[in-house]
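Letter by letter, the chains look like this.
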Amino acid sequence: MRIIAFLAIFVVVLIAVLLVSVVLTGGARRRRHTAQMSARWAVRHYAIPGRGHTVVGVTLTDADGRVHGEHVVARIPDDAQDWQRDFVAARQEAEERAFHLNIDRPPIEG
C-alpha cells in the first residue's frame, strides 16, 4: 500500500514539475518572439582587434540592444588602398539592404 501511495505522490510531483516547466519555457518563448518581431535591421560596422579589417553589415537588433541576426556586407582590410571609398560603398549597400529587409517588419509603434 505504501508503494502505491509513493508512486501516486511521485506522479503528481512529476506532473507539477512538467507543467511549471512548460509554462516558464512558453513565457520565455513568447517574450523572445515578441522581441524578435519588434526588432529592426540597422547598419552596423565594427573592427575586430587583431584581425586587420573592418566589418560592415546590417544587424537585426531589438529595443533592448540584443542582436538577433546579422548579414555581413563587406570586410574591408585596414590596409586597403582606397579604404574610405570601399567603406562608403559598403555602408551604402548596407543601408539599402536594411531598408529592404525592414519592409517585411512590422511598423515601429510610438
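To start, this report covers the structure provided alongside it. (Residues numbered from 1 in each chain as written. Predicted model: local features only at pLDDT ≥ 70, side-chain atom pairs only at ≥ 80, totals over all residues. Heavy atoms only, no water.)

1. Looking at the nonpolar core
Turning to step 1, where the next piece is worked out: Among the nonpolar cores identified, the biggest contains 11 residues, and these are Ala-39, Trp-41, Val-56, Val-58, Leu-60, Ala-74, Ile-76, Phe-87, Ala-90, Ala-94 and Ala-98.
Turning to step 2, where the next piece is worked out: Those elements that provide at least two residues to this core are strand S2 (53-61), strand S3 (67-77) and helix H2 (83-102).
Turning to step 3, where the next piece is worked out: Examining the composition of this core, we find that four residues originate from one element, H2, more than from any other.
Turning to step 4, where the next piece is worked out: Not counting the four nearest positions on each side in its chain, Phe-87 is found in contact with His-45, Thr-54, Val-56 and Ile-76. (Core = buried A, V, L, I, M, F, W, Y, C linked by side-chain atoms within 4.5 Å. Buried < 20%, exposed > 50% of the residue type's maximum accessible area, 1.4 Å probe, protein only. Helix = DSSP H or I, 4+ residues; strand = E, 2+ residues; numbered from the N terminus. Contact = heavy atoms within 4.5 Å.)

2. Things to note about the environment of Phe-99
Turning to step 1, where the next piece is worked out: Within the fold, Phe-99 resides in helix H2.
Turning to step 2, where the next piece is worked out: Put simply, Phe-99 and Arg-40 are 59 residues apart on the chain and 9.7 Å apart in space, counted from C-alpha to C-alpha.

The quantities given are spatial measurements derived from coordinates; they are silent on function.
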